[in-house]
Amino acid sequence: MFAERVDGVTPFLAMEVYEKALALERAGRHIIHLEIGEPDFDTPRVVSRAAMDALDQGQTHYTNTLGILELREALSGWYASKYGLDIDPGRFLFLPGSSPALFLLFTALLNPGDEVIMTDPCYPCYPSFVRFAGGVPVRIPTRESEGFRYEPQTVGASITPRTKALILNSPCNPTGVLMEPERMRALAELGPLIVSDEIYHGLTYGGEPDHTILEFTDNAVVVGGFSKVYAMTGWRLGYMVLPESMVPTMRRLAQHFFVCTPAMIQRAAVAAITSTADEVESMRQQYDERRQLLLSGLRELGFGIEVEPLGAFYVLANARHLCADSCKLSLDVLEKAGVGTTPGIDFGPQAEGFLRFSYANSLDNIREALRRLGAYIADRPAGM
């Protein structure tokens, strides 16, 4: 019944674990969710108020496909303030989430057989987007000792005449690791279009700043959104920063496939950019406190974390001392300890034997999760 390309979309294991966890909760179990990357904070009130005001004012009609001018100007001002970049508001294209942005972008870019370079491990939707568009994901092996970051010389050796783009993700899902400016610059100099997923920008710790690829090259498309830093996952609003030459085509495709994003959500996003600095900083500080607790707790339990994660809200921990099969281990931990984690294999072969932990949960829940994990490990039969 379905097209052959559907077969290239593999199960999303983070959601598979989450759904099993929900089933256990319905059966009366108490589960601590460290498997999904969703802020546990409510959307700042000023954002919700802006959406309600827009509805009261009758802002329920179509908008410019690129997005309302006030939002594009606000985001342009944010890039100027944060990165010192002067980005024309006409280069922004707003879509219902960063995933639709990536979907539309790769559908527009790729001919059958075109290659897209990505790290192994990486966010599991990247290869699915590429395969669904007819392209070929090229996974670049990375090293645990390097925080699973690209090594430019290895990337350069993997570029072929079919290479269409390279995906960059910093802060990174699943590792939480940041890409250093020198490494970003070296990648930009390799030549292919950079598709930079910057959805976690604004969530960095330890005094380390995040850098946009646009500081190093104009041959790039940035994908961003409001879900993570503003706790707006359910609002579904993302965007692309496009090279000027790509705007007419991408706008035309968005007109056909999405028309526009809801006007009231765009108004809410203006408030997010302009009026939430204090709330965003408070959330960031709380994430950092949780990060430090989870890092120290996992290391005390014997999990391996060679490079400290300094962004997003994830820790990718080596659990091979417990089990080489990350799916088996994740499900066993869920069933016996009541703690949800994501199997490393979800992110690629290099992460098999690892578990991803999200610290988008309260300090009390993280403490309890660590206690449960400690009891689980202590109760495991020798040699299991």
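Everything below is about the structure printed above this text.
Everything quoted here is computed from the prediction, not taken from an experiment.

Undergrad: Please explain the overall build of the protein as it appears in this structure.
TA: Across its full length, the protein holds 12 helices and 12 strands. The C-alpha radius of gyration of the protein comes to 21 Å, within 12% of the 21 Å expected for a compact globule of 384 residues. Its C-alpha atoms give the protein principal-axis dimensions of about 60 × 55 × 50 Å. In the protein, buried positions account for 57% of the 384 residues. Contacts in the protein between residues at least 24 apart in sequence constitute 74% of all its contacts with a sequence separation of at least 6. Summed over its atoms, the accessible surface of the protein is roughly 16000 Å², and 51% of this surface lies on carbon and sulfur atoms. For the protein, the distance from the average site of its 34 positive side-chain charges to the average site of its 47 negative ones is 3 Å.

Undergrad: Would you mind going over the packing of helix α4 (residues 98-109) against helix α8 (residues 247-257) with me for this structure?
TA: Angle between the axes and distance between the axes: these two values describe a pair of packed helices. Remark: α4 packs on α8, axes separated minimally by 11 Å, with the N-to-C direction vectors making an angle of 120°. Put simply, α4 runs oblique to α8. As α4 runs across α8, the sense of the crossing is right-handed. Between α4 and α8, the contacting residues are L104, L105 and A108 on the first element and M250, L253, A254 and F257 on the second. In terms of residue class, the contact of α4 with α8 is made up of 7 nonpolar, no polar and no charged.

Undergrad: Would you mind going over the nonpolar core with me for this structure?
TA: Residues Y79, F106, Y150, I213, F226, M240 and L298 are the most contacted members of the largest nonpolar core, which totals 114 residues. With 7 residues, helix α9 (residues 263-275) is the largest single contributor of residues to this core. Aside from chain neighbours lying at most four places away, what touches F106 is V116, F129, V130, A133, I167 and V195.

Undergrad: I tried to follow unusual backbone geometry on my own but got confused; where do I start?
TA: Both trends apply: most residues other than glycine have a negative phi, and most peptide bonds are in trans. Of note, the bond from D120 into P121 is cis; its omega dihedral lies within 30 degrees of zero at 15°. With an omega of -5°, the peptide bond running from S170 to P171 counts as cis. Among the structural elements, P171 can be located in the loop between β5 (163-169) and α7 (181-188). We note that F148 has phi near 60°; this positive angle belongs to a residue other than glycine. By the secondary structure assignment, F148 is in the loop between β4 (136-141) and α6 (152-158). Classification of F148 as buried rests on a relative accessible area of 8%. The residue V259 is not glycine, and still its phi comes out positive at about 65°. Considering the arrangement of structural elements, one finds V259 in the loop between α8 and α9. According to the relative accessible area criterion, V259 is partly exposed, its value standing at 35%.

Undergrad: Would you mind going over the side chain of T217 with me for this structure?
TA: The residue T217 is located in the loop between β6 (193-197) and β7 (220-225) in this model. In this structure T217 comes out as buried when scored by relative accessible area, which is 15%. Of the polar contacts made by the side chain of T217, one reaches the backbone nitrogen of N219; its length is 2.9 Å.

How each quantity is defined
Residues numbered from 1 in each chain as written. Predicted model: local features only at pLDDT ≥ 70, side-chain atom pairs only at ≥ 80, totals over all residues. Heavy atoms only, no water. Helix = DSSP H or I, 4+ residues; strand = E, 2+ residues; numbered from the N terminus. Rg over C-alpha atoms; globule rule 2.2 N^0.38 Å. Buried < 20%, exposed > 50% of the residue type's maximum accessible area, 1.4 Å probe, protein only. Contact = heavy atoms within 4.5 Å. Areas by Shrake-Rupley, 256 points an atom, 1.4 Å probe, with all protein chains shown as cover. Lys, Arg positive; Asp, Glu negative; His and termini not counted. Charge placed at Lys NZ, Arg CZ, Asp CG, Glu CD. Axes fitted to C-alpha atoms, helices over the stretch in contact; angles between N-to-C directions. Parallel < 35°, antiparallel > 145°, perpendicular 65-115°, else oblique. Left-handed = near helix turned anticlockwise from the far one by under 90°. Nonpolar A, V, L, I, M, F, W, Y, C, P; charged D, E, K, R; others polar. Core = buried A, V, L, I, M, F, W, Y, C linked by side-chain atoms within 4.5 Å. Polar contact = N/O pair within 3.5 Å; in protein donor to acceptor, adjacent residues only side chain to side chain.

What is shown is where atoms sit, not what they do.
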